[in-house]
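Breakdown of the fold
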Amino acid sequence: ELLEEVLIDDERSVLLPAWKVAGFALGAISTAWCPRGMYVTTEAVEAFVEEHYGDQIRRLGEEIRFAEEKESVKDDVLVTSSGMDTTLKNQTHGGNTGITYLEIIGGKRELLLMLEYCCADEVHHKEEARHRAAEGPLPWFKQVDSIWQAFVRAGSAAAASCAKKV
């Protein structure tokens, strides 16, 4: 929900309504399968989401570190690695009128903090689901959970891949 509040409509996947229906159906099917199926499914989905957030957090962190290593900002002057000074007051970045380099780096730091917060929340959900699933009843053979979780993670990865393209 937090990310939905920050994203403008053009930045959201057009497949979002389909993902919501698929998520509801997955939850209904897994719960109908067995009472603890919901927790096994939640653990698998949240494990994928944690991994997905982790990739984004690493990439964004690298972008910020790269920018900080290559360029230093002092007051309203951008000093590039070549030593060239560029006044930021009227400078724009990437064609975004009125957005300064300093504002972009600051925005990336805020986004990084938000992603880290959201990831920690998903990890909490994953751990809670794992704990509740362990309470039972356990499946009639051990491989049921791991097969189901592999299926759910593969579906989550496919959905994320599609969302990046659409």
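Residues numbered from 1 in each chain as written. Predicted model: local features only at pLDDT ≥ 70, side-chain atom pairs only at ≥ 80, totals over all residues. Heavy atoms only, no water.

1. Let's talk about the overall build of the protein chain
This is how the line gets drawn: Secondary structure elements are defined from DSSP: runs of H or I of at least 4 residues count as helices, runs of E of at least 2 residues count as strands, and each element is numbered from the N terminus. Here, two residues are considered to be in contact whenever any of their heavy atoms come within 4.5 Å of each other.
Check the secondary structure of the protein chain and you find five helices and three strands. Starting at the N terminus and ending at the C terminus, the protein chain contains elements arranged as α-α-α-β-β-β-α-α. Taking contacts inside the protein chain between residues at least 6 apart in sequence as the whole, the part at least 24 apart equals 67%.

2. Some remarks on the packing of helix α2 (residues 16–33) against helix α5 (residues 143–165)
What counts, and what does not: Orientation is described by axes fitted as lines to C-alpha atoms, over the contacting stretch for helices, and by angles from 0 to 180 degrees between their N-to-C directions. Should an angle fall under 35 degrees it is called roughly parallel, over 145 degrees roughly antiparallel, and 65 to 115 degrees roughly perpendicular, with every other angle called oblique. The nonpolar class holds Ala, Val, Leu, Ile, Met, Phe, Trp, Tyr, Cys and Pro. Asp, Glu, Lys and Arg form the charged class, and all remaining residues, Gly among them, are polar.
Contact geometry for α2 and α5: axes closest at 12 Å, N-to-C directions at 175 degrees. It follows that α2 is roughly antiparallel to α5 by the angle criterion. Two secondary-structure elements touch here, α2 through Trp19, Leu26, Ile29, Ser30 and Trp33 and α5 through Val144, Asp145, Trp148, Val152, Ala159, Cys162 and Ala163. Taken together, the residues of the contact of α2 with α5 sort by class into 10 nonpolar, one polar and one charged.

3. Section: the nonpolar core
Note the following rule: In this text, buried Ala, Val, Leu, Ile, Met, Phe, Trp, Tyr and Cys residues form a nonpolar core when linked through side-chain atoms within 4.5 Å. Per-residue accessibility, obtained with a 1.4 Å probe over protein chains only, is compared with the maximum for each type, and a residue is labelled buried under 20%, exposed over 50%, and partly exposed between these values.
Core analysis: the largest hydrophobic core is formed by nine residues, namely Tyr53, Ile57, Leu60, Ile64, Leu112, Met114, Leu115, Cys118 and Cys119. Ranked by the residues each element gives to this core, the list is headed by helix α4 (residues 101–134), at five residues. Membership of the second largest hydrophobic core comes to five residues, among which are Val40, Ala133, Trp148 and Val152.

4. A look at the environment of Glu43
One can find Glu43 in helix α3 (residues 37–70). With a relative accessible area of 13%, Glu43 lands in the buried category. When the C-alpha atoms of Glu43 and Glu122 are compared, they prove to be 9.4 Å apart, with 79 residues separating the residues in sequence. Ignoring any residue separated from it by four or fewer positions in sequence, one finds Glu43 in contact with Lys126, Ala129, Arg130 and Gln149.

5. Observations regarding the pattern of salt bridges
Inclusion rule: Each salt bridge in this description consists of a side-chain nitrogen of Lys or Arg and a carboxyl oxygen of Asp or Glu lying within 4 Å of one another.
Applying the stated criterion across every chain yields a total of 10 salt bridges. Salt-bridge contacts for Glu63 lead to Lys108; the nearest nitrogen and oxygen are separated by 2.8 Å. One end of the pair, Glu63, is in helix α3; the other, Lys108, is in helix α4, with 45 residues separating them in the sequence. Classification of Glu63 by relative accessible area gives partly exposed; the value is 30%.

6. Overview of the confidence of the model for the protein chain
Under the convention used in this document: As a per-residue measure, pLDDT tells how confident the predictor is, with possible values from 0 to 100.
Looking at the protein chain as a whole, its pLDDT mean stands at 79, while 72% of the residues score no less than 70. The least confident element of the protein chain is strand β3 (residues 85–87), whose mean pLDDT is 44; the most confident is α5, at 91. When the criterion is pLDDT under 50, residues 74–93 qualifies, and its contacts beyond four places in sequence or with other chains add up to 37 contacts.

7. Topic: the packing of aromatic side chains
Put simply, the rule is: Any two rings among Phe, Tyr and Trp, with Trp reduced to its six-membered ring, count as a pair given centres within 6.5 Å; such a pair is stacked if its planes are under 30 degrees apart, edge-to-face if over 60, and tilted if neither.
Scanning all chains against the criterion turns up two aromatic pairs. Relative to Trp148, the ring of Trp33 has its centre 5.8 Å away and its plane inclined at 40 degrees; by these criteria the two rings are tilted. Pair noted here: Trp33 is in helix α2 and Trp148 is in helix α5, with a separation of 115 residues, a long-range link. Judged by relative accessible area, Trp33 falls into the partly exposed class, the value being 37%. According to the relative accessible area criterion, Trp148 is buried, its value standing at 19%.

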